[in-house]
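Chain and residue survey
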Amino acid sequence: MDLLSTYILHQADNALIMGHRNSEWTGHGPILEQDIALSNIALDLIGQSRNFYQLAASRLNEFAPGESVSEDDLAYLRDVNEFRNFILTEQVNGDWAKTILRQFYFSTYQFLLYKELVKSEYPEIAAICEKSIKETRYHLKWSSEWVIRLGDGTLESHTRMMEAIKLLNPWISELFIPADFEYEAAATGAGILPDGLKEEWFHQVNKVFEISTLPALTSEKKPMQILSGKKGVHSEQLGYLLAEMQFLQRAYPGSTW
Amino acid sequence: MNEEQIINILSEVKDPEIPVLTISDLGILRAVECAGDTIKIQITPTYSGCPAMEIIQEDIRTVLAKHGLDRVEIKQILSPAWTSDWMSEAGKQKLRAYGIAAPSDHACFLNGEDQPQSCPHCLSKNIEMISRFGSTACKALYRCLDCLEPFDYFKCH
């Protein structure tokens, strides 16, 4: 697969896996309104992933005439090591604090990324991001409010946020380490190198953490990690997610509603 | 048949989730072109994951087929992205009459707080947000502190 298609799949996979994780809350939210909120965010993200998968599929079909890849093939028939989403996105939901923090980290990143990609020289990528950025801004607002509410809430909610920070901390650095497909995307003007977003990401996160009475994050260098979602080396958690998400298409190929 | 007549016929197609709005009111019908005996239609989603898009496409085909038009190509486009500014004034009035507060401002890159101008039932400005997310992706949930009715708000987006 060419690197630019992989770049597009990376965006699609991030949105799909985040969307799927959020959809696991449907029917289990702490209160009805927030159950609906997470389900709506899931819907937005899965919609964004569909746009990216359709774009990737049309590229792949163009390069390999005779093949016919669809968005569903890309979402439902690829295996764990073919997915290019961040390790952050596949982390299990845990409690409400962890789900909120995962969304907050991801939306902060996605918002900064889309802000750059609306200027992409690849018109279809720019169009998808122009469409999506308004949704992402809203997710960011919602998750920021919850980080503040939990961080600056009760002793219990504050403790749970501290625990969530500890659990998700190891997966932040991956967001900003460029992968081969990101070098290619940046070189062709289709995308950007993510290390350029790092400073602003920490700035935005810490701004909200300060209001939330949570300790500031530091971007210290981490020892080399073996896991890298961008390289297809995932945590164990993605396998279980795919087993659930892909079951129907694998057991009953081609089935539709 | 010309484009204007087709647009007229398409005013029968409503948003399945807000059945008082036509797809023109909502601003998601972007273009209609008669190319020989084929009708080419462009529509755009309000939100990336809007589940109504497929039903709307089916409804367009059904309505046109009733008028004997079955060579129809429907294309979904993303750019320029839909914003709530594409909704017509008539559409906003229909929303209010239906009990949904209409988007109160221009959507172009909002930074401040977006909220409805008033309760669609009693017009009181004494309102509060219940939830940023409502019954569909495009709405938030509010309540009126005077008449005490909850209501949906079609967000500036």
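As a starting point, this report considers the structure included with it. (Residues numbered from 1 in each chain as written. Chains lettered and ligands numbered in written order. Predicted model: local features only at pLDDT ≥ 70, side-chain atom pairs only at ≥ 80, totals over all residues. Heavy atoms only, no water.)

Things to note about the packing of helix α2 (residues 32-63) of chain A against helix α6 (residues 123-151) of chain A
Residue and element names in this part refer to chain A. Where α2 meets α6, the axes come as close as 11 Å, and the angle between the chain directions of the two elements is 160°. By the angle between their axes, α2 is roughly antiparallel relative to α6. Two packed elements cross with a definite hand, and for α2 against α6 that hand is left-handed. The residues of α6 that touch α2, namely those facing Q34, A37, L38, I41, D44, L45, Q48, N51, F52 and L55, are E124, I125, I128, C129, S132, E135, T136, H139, W142 and W146. (Axes fitted to C-alpha atoms, helices over the stretch in contact; angles between N-to-C directions. Helix = DSSP H or I, 4+ residues; strand = E, 2+ residues; numbered from the N terminus. Parallel < 35°, antiparallel > 145°, perpendicular 65-115°, else oblique. Left-handed = near helix turned anticlockwise from the far one by under 90°. Contact = heavy atoms within 4.5 Å.)

Let's talk about the sheet that holds strand β7 (residues 127-131) of chain B
All names here are of chain B. Taking strand neighbours across the sheet as the criterion, the four strands line up as β6-β9-β8-β7 in an open arrangement whose pairing is mixed. The sheet is open, and its two edges are formed by β6 (100-101) and β7, each paired on a single side. Sheet analysis places strand β8 (residues 139-144) next to strand β9 (residues 150-154), joined by five bridges and oriented antiparallel. Paired with A140 across the strands is Y153, a residue of β9. (Pairing = 2+ DSSP bridges.)

Observations regarding the sheet that holds strand β3 (residues 29-35) of chain B
Strands belonging to one sheet form pairs held by backbone hydrogen bonds; the direction of such a pair is parallel or antiparallel. Residue and element names in this part refer to chain B. Across the sheet, three strands lie side by side as β3-β4-β5; this open sheet has mixed pairing. What marks the edges here is a single partner per strand, and that holds for β3 and β5 (72-76). This sheet shows a mean twist of 15° between the axes of neighbouring strands, independent of strand direction. In this structure, β3 lies alongside strand β4 (residues 38-43), joined through six bridges in antiparallel fashion. The residue of β4 that forms the bridge with C34 is I39. Across the sheet, helix α1 (residues 3-10) touches β3 and β4, and the angle it forms with β3 is around 135°. Packing against the sheet, helix α3 (residues 52-66) makes contact with β4 and β5, and its axis sits at approximately 160° to β5.

Digging into the pattern of salt bridges
Enumeration over the complete set of coordinates arrives at 17 salt bridges over all chains. R21 of chain A is the partner of E24 of chain A in a salt bridge, and the nearest nitrogen-oxygen pair spans 3.0 Å. On the basis of relative accessible area, E24 of chain A is assigned to the partly exposed category, the value being 30%. The exposure class assigned to R21 of chain A is buried, which follows from its relative accessible area of 4%. Connected through salt bridges with shared partners, the residues R50 and E71 of chain A together with E54 of chain B form a single ionic network. (Salt bridge = Lys/Arg side-chain N within 4 Å of Asp/Glu carboxyl O. Buried < 20%, exposed > 50% of the residue type's maximum accessible area, 1.4 Å probe, protein only.)

With respect to the interface of chain B and chain A
Taken residue by residue, the interface counts 27 residues in chain B and 25 residues in chain A. Three residues, S48, R132 and F133 of chain B, lead the burial of chain B against chain A; their summed loss comes to 33% of the area buried on that side. Summed over the shared surface of chain B and chain A, the result is two salt bridges. For the salt bridge of R132 of chain B with E145 of chain A, the shortest nitrogen-to-oxygen distance reads 2.4 Å. Remark: the boundary between chain B and chain A carries twelve residue pairs in polar contact (both at pLDDT 80 or more). The residue makeup of the side of chain B that touches chain A, split by class, is 13 nonpolar, ten polar and four charged. (Buried area = accessible area lost by both parts, 1.4 Å probe. Polar contact = N/O pair within 3.5 Å; in protein donor to acceptor, adjacent residues only side chain to side chain. Nonpolar A, V, L, I, M, F, W, Y, C, P; charged D, E, K, R; others polar.)

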